[in-house]
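Commentary on secondary and tertiary structure
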Amino acid sequence: MLKNKKTVYFCQECGYESAKWMGQCPACKAWNTFVEETVSSKKSSSGNIKTTQKKTEPVVLKDISLSSDERQSCGIGELDRVLGGGIVPGSLVLVGGDPGIGKSTLLSILMGLEKADEGTVSGMEHQKISAIFQENRLFENLDAVTNIHITTGKTKEEITGFLKKMELDDIAGKPVSEYSGGMKRRVAIARALLAEYDILIMDEPLQGLDAETKEKVATVIKMQTAGKTVLFVTHDEKEAEFFEAECMNLRKKEADQHSKCVVCLFFLTVHFRLIA
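Read on for an overview of the structure. (Residues numbered from 1 in each chain as written. Predicted model: local features only at pLDDT ≥ 70, side-chain atom pairs only at ≥ 80, totals over all residues. Heavy atoms only, no water.)

Observations regarding the environment of His149
Just so we agree on the cut-off: A run of H or I in DSSP counts as a helix once it spans at least four residues, and a run of E counts as a strand once it spans at least two, with each numbered from the N terminus. By definition, residues are in contact when any of their heavy atoms lie within 4.5 Å.
Assignment of secondary structure puts His149 in helix α3 (residues 144-152). Through-space distance from the C-alpha of His149 to that of Ala195 is 9.3 Å; in sequence the pair is 46 residues apart. Those residues in contact with His149 that lie beyond four places of it in its chain are Lys154 and Ile159.

In structure tokens:
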């Protein structure tokens, strides 16, 4: 594994990255907002993802104050317990685990797209949810702008401006059927990010992207979701590090006599039966 570190500067207002300190951010035009950070570029089997290690200053114990974050219950008791009482608005939670353990199924249950054989989900009814599924789910005969407009209601100017960040503006008017797999994936990501939502759910959002594109898109996602509540699934530990996510691992035990799926979250156990 190769590991290189360098110092970069980030705008605290919009997340713009620069190799040197700047008085005014060229992206958001704010003044004196750049902070110095150390970035590690780690090479993994799925490509390079930069992870940021922020410099911190020592704090005197008497100056430390405790605060209680407001949490949103997801309706699954043990899941709420694992998350310290529920999901913290503005937090990013990684749902990890072996392939086939039920990560995607759990997200589908939370979205109301699937039902558990036992148990209920409450507290999510009035939440606006946007999702990036494993499948792109695009209208192949329509172009990227129309695909996104149908779901989000955003104007053509807003959509094309965002597609430029995803490096898709030059083909935005062509039918999606003419796009490569990576291009389609970026359209699906842009659609979810431009939608109005309280919670964003991402299921393997960066799959199918080459290393260079993955890094660029991951940066856009991180900037766009700053301060938003996000649940996402990935098998890449480097992605979890990059997004600075709170990690939650699912582990399956042997099925009992009632064939229930037993999932352990941070050593706490959730008993619910999943529909096959």
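On we go from here.
Structural notes on the nonpolar core
Going by this rule: The set of buried Ala, Val, Leu, Ile, Met, Phe, Trp, Tyr and Cys residues whose side-chain atoms join them within 4.5 Å is what this entry labels a nonpolar core. Working definition: with a 1.4 Å probe on protein chains only, accessible area under 20% of the residue-type maximum means buried, over 50% means exposed, and in between means partly exposed.
One finds Leu163, Met166, Ile221, Phe232 and Phe243 to be the most contacted residues of the largest nonpolar core, which totals 37 residues. At the level of elements, β5 (92-97), α3, α4 (156-165), α5 (181-194), β7 (199-203), α6 (211-224), β8 (229-233) and α7 (237-243) are the ones that each hand at least two residues to this core. Contacts of Met166, omitting those with residues within four sequence positions, involve Arg186, Ile189, Ala190, Val217 and Val220.

Description of the side chain of Glu204
Put simply, the rule reads: Positive charges come from Lys and Arg alone, negative charges from Asp and Glu alone, with His and the N- and C-terminal ends not counted. Salt bridges are defined by distance alone: a side-chain nitrogen of Lys or Arg within 4 Å of a carboxyl oxygen of Asp or Glu.
Tracing the backbone through its elements, the reader meets Glu204 in the loop between β7 and α6. Here Glu204 is buried and forms no salt bridge, its nearest opposite-charge partner Lys103 lying at an N-O distance of 5.9 Å. Contacts of Glu204, omitting those with residues within four sequence positions, involve Gln134, Arg185, Val233, Thr234 and His235.

So, unusual backbone geometry
Non-glycine residue Glu167 carries a positive phi angle of around 60°. Tracing the chain through its elements places Glu167 in the loop between α4 and α5. Looking at Glu167, the relative accessible area reads 44%, which means it is partly exposed. The phi torsion at Glu204 lies on the positive side, around 50°, for a residue other than glycine. Judged by its relative accessible area of 11%, Glu204 is buried.

Observations concerning the packing of aromatic side chains
Where two aromatic rings form a pair, the distance of their centres and the angle of their planes describe that pair. Put simply, the rule is: Two aromatic rings, drawn from Phe, Tyr or Trp (for Trp, its six-membered ring), form a pair once their centres lie within 6.5 Å of each other, and the interplanar angle then sorts them: stacked below 30 degrees, edge-to-face above 60, tilted otherwise. Comment: the charge-over-ring label is applied if NZ (Lys) or CZ (Arg) is within 6 Å of the ring centre and within 35 degrees of the ring normal.
Counted under the stated rule, the structure contains two aromatic pairs. Taking the centre distance of 5.5 Å and the plane angle of 65° together, the rings of Phe232 and Phe243 count as edge-to-face. Here Phe232 is found in strand β8, whereas its partner Phe243 is found in helix α7, with eleven residues between them in sequence. No difference in accessibility class separates Phe232 from Phe243, as the two residues are buried. Residue placement shows Lys222 over the ring face of Phe242; its charged tip is 4.9 Å from the ring centre.

Notes on the pattern of salt bridges
The tally for this structure, following the rule as stated, stands at six salt bridges. Note that Lys216 is salt-bridged to Glu212, the shortest N-O span being 3.3 Å. Of the two residues, Lys216 and Glu212 are both situated in helix α6; the distance of four residues between them amounts to about one turn of the helix. Via salt bridges that share partners, Glu167, Glu212 and Lys216 belong to a single interconnected network.

What to know about the side chain of Asn136
To keep things clear, this is the line we draw: Residues adjacent in sequence count toward polar contacts only when both atoms are side-chain atoms; beyond that, a polar contact is any pair of N or O atoms within 3.5 Å, and within protein one must be able to donate a hydrogen and the other to accept it.
On the secondary structure map, Asn136 appears in the loop between β6 (129-132) and α3. A relative accessible area of 19% places Asn136 in the buried class. Reaching out from Asn136, the side chain makes a polar contact with the side chain of Arg185 at a distance of 3.0 Å. Beyond its immediate chain neighbours, meaning those up to four positions away, Asn136 contacts Gly181, Lys184, Arg185, Ala188 and Arg191.

Some remarks on the pairing of β5
Short version of the rule: If DSSP finds at least two bridges between two strands, the strands pair.
Most of β5 is tucked away, with five of its six residues classed as buried. Examined bridge by bridge, β5 and β8 share four bridges and lie parallel to one another. Note that in β8 the partner of Leu92 across the bridge is Val230.

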